[in-house]
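Architecture at a glance
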Amino acid sequence: MNLRELVSALNDFASPALAESWDNVGLLVEPSPPHTVNTLFLTNDLTEEVMEEAVQKKADLVLSYHPPIFTPLKRVTWKTWKERLVVRALENRIGIYSPHTAYDAIPHGVNNWLTKGLGACTSVPLYPSTAPSSPAEGTHRVEFCADAEHLDAVLSKIKDIPEICCLTTLPARVEGEEQTRVSLNCSQKALLEVVPLLSQNSLLHHKTEILLLQKPLLPHTGMGRLCTLSEPISLSDIIERIKGHLQLPHVRVAVGAGRTLESPVKKAALCAGSGSSVLKGTEADLYLTGEMSHHDVLDAVANGISVILCEHSNTERGFLSELRDALAIHLQNKINIIVSEKDRDPLQVA
């Protein structure tokens, strides 16, 4: 597939608009076009060892779940390992694409894969995503009616206000009089200018309606998951299920105050990777994530919530084999998709 065609298909699989605002997702490194992709190489972290593997396996595009370019690069030299990744990629005509939190949000993504470690359960996002393109512009809609005497004057002033869009006028009959119905979308900042303007005329102000434009929530899409188990099971059994799902010999566990390893778990809140900010304040029997700060663990335990920590990338990496199969279907088996064998969590117990 042509690289741009493939990137479009990847964006359809998981819209970059679903990623968190702080994230850096999408196509990060692009070889000079035209660029044909025969082999797509999947990894959780793009290290130099993994990049060498991608070169040896003749990858044309690396899909790295974590973005290897996150903070801006001021130069591209051989001095730092992230700069060297870019150099090696371009020398070998390998593109780099990163989905990161877009894959956290989607219904068929990383967090839903992680829920499978709990056993039979239902889940909902902790922070639901909103439709990225609806409404298209503005935070508020303002509607009012004006007669011919005032219409031109007020419209000329409104058009001078920045951040006004979708301005429309329609004939309207109000209390038996022929008037014009004006509708516009505007930002919060523009609203602070529109309202005083209309307030100058008591007739206009009396006939003004202001609506908050709320984007609809996307079903089963968003950050984190709150899971309700079909049957409550003990914390010790949950630990074994998680270890089996993630193929780990051990995890770190903090038992909530007043709880034991035999206490039942009915509700579990989870977040792949680093879950402190997403999980904090959620009522549950258990928090499951890769890593949390010491003080956030203490807060959870004090509130009677047990915590299972598996290390950051261990809560994500196992998703890659499921992703390989899903992308093969999505891309109609047009390209070869392989998963890195060198990608691994940097931490181990010595």
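Quick caveat, the model's predicted, so the values are computed rather than measured.

Taken as a whole, this structure holds 17 salt bridges when the rule is applied. When the shortest N-O distance is used, the salt bridge between Glu311 and Arg252 registers 3.4 Å. Taken together, the residues span a long stretch of sequence, with Glu311 in the loop between strand E16 (306-309) and helix H12 (319-330) and Arg252 in strand E13 (residues 252-254) at a distance of 59 residues. Residue classification places Arg252 among the partly exposed residues on the basis of a relative accessible area of 44%. The partner of Lys280 in a salt bridge is Asp296, and the shortest N-O contact between them spans 3.4 Å. Placement of the pair is Lys280 in the loop between helix H10 (276-279) and strand E15 (286-291) and Asp296 in helix H11 (residues 294-302), with a sequence separation of 16 residues. Among the residues examined, Lys280 registers a relative accessible area of 53% and is labelled exposed. Salt bridges sharing partners connect three or more residues here, namely Asp45, Arg317 and Asp343.

Taking the UniProt record as the reference, the feature "binding site: a divalent metal cation" (unreviewed entry) is found at His66, Asp104, His312 and Glu316. Spatially, the listed residues are clustered: although they cover 251 residues, their C-alpha atoms lie within 13.4 Å of one another. Lining the largest pocket, from the set of annotated residues above, are His66, Asp104, His312 and Glu316. Structurally, the position occupied by Asp104 is in helix H4 (residues 101-105). A relative accessible area of 6% places Asp104 in the buried class. Beyond its immediate chain neighbours, meaning those up to four positions away, Asp104 contacts Tyr65, Val110, Asn111, Gly222, Met223 and Arg225. Residues contacting His312, with those up to four places away along its chain left out, are His66, Gly273, Ser274, Gly290, Glu291 and Asp345. Among the polar contacts listed, one links the side chain of His312 to the side chain of Glu291, at a separation of 2.6 Å.

Let us now look at the sheet that holds strand E7 (residues 140-146). Pairing in this open sheet of four strands is antiparallel, and the strands run E8-E9-E7-E10 from one edge to the other. The open sheet has two free edges, formed respectively by strand E8 (164-174) and strand E10 (209-212), since each of these has just one partner strand. Pairs of neighbouring strands in the sheet enclose a mean axial angle of 15 degrees, with direction left out of account. Relative to E10, E7 runs antiparallel, the two sharing four bridges. Paired with Arg141 across the bridge in E10 is Leu211. Helix H7 (residues 188-199) contacts E7, E8, strand E9 (177-186) and E10 of the sheet and is inclined by roughly 20 degrees relative to E7.

Considering all chains together, one arrives at three aromatic pairs under this definition. Ring centres of Tyr103 and Phe319 lie 6.2 Å apart, and the angle between their planes is 80 degrees; on these two criteria the pair is classed as edge-to-face. Note that Tyr103 is positioned in helix H4 and Phe319 in helix H12, a separation of 216 residues in sequence. For the pair formed by Tyr103 and Phe319, the shared burial category is buried.

With twelve residues, H12 ought to run about 16 Å at 1.5 Å a step, and its terminal C-alpha atoms sit 16 Å apart, in line with that. Every buried residue belonging to H12 is among Phe319, Leu320, Leu323, Leu327 and Ala328, and all of these are buried. Looking at the packing, one finds that the buried side of H12 touches helix H1 (3-13), strand E2 (39-43), strand E3 (61-64), H4, helix H5 (110-115) and strand E17 (336-339). Following H12 by one or two positions, Gln332 has its phi on the positive side, about 55 degrees.

Examined at the domain level, the protein breaks down into domain 1 (3-102), domain 2 (106-129 + 220-315) and domain 3 (140-212). Taking only C-alpha atoms, the centre of domain 1 and the centre of domain 3 are 48 Å apart.

In globular proteins that are soluble, nonpolar side chains generally tend to be buried together. Among the nonpolar cores identified, the biggest contains 52 residues, and Tyr103 and Leu327 are the most heavily contacted of them. In terms of residue count, the dominant contributor to this core is H1 (six residues). In this structure, this core is formed jointly by two domains, domain 1 (3-102) and domain 2 (106-129 + 220-315), each of which donates at least three residues. One finds Leu151, Val154, Ile161 and Leu204 within the second-largest nonpolar core, a separate group that totals 17 residues.

So, how was this worked out
Residues numbered from 1 in each chain as written. Predicted model: local features only at pLDDT ≥ 70, side-chain atom pairs only at ≥ 80, totals over all residues. Heavy atoms only, no water. Salt bridge = Lys/Arg side-chain N within 4 Å of Asp/Glu carboxyl O. Helix = DSSP H or I, 4+ residues; strand = E, 2+ residues; numbered from the N terminus. Buried < 20%, exposed > 50% of the residue type's maximum accessible area, 1.4 Å probe, protein only. UniProt positions renumbered as here; feature names shortened; annotations may be inferred. 1 Å grid on protein atoms, 1.4 Å probe; cavity = no way out; pocket = protein on both sides within 12 Å on 5 of 7 lines; lining within 4 Å. Contact = heavy atoms within 4.5 Å. Polar contact = N/O pair within 3.5 Å; in protein donor to acceptor, adjacent residues only side chain to side chain. Pairing = 2+ DSSP bridges. Axes fitted to C-alpha atoms, helices over the stretch in contact; angles between N-to-C directions. Phe/Tyr/Trp six-rings, centres within 6.5 Å; stacked < 30°, edge-to-face > 60°. Expected span 1.5 Å × (residues − 1). Domains from an automatic or database assignment. Core = buried A, V, L, I, M, F, W, Y, C linked by side-chain atoms within 4.5 Å.

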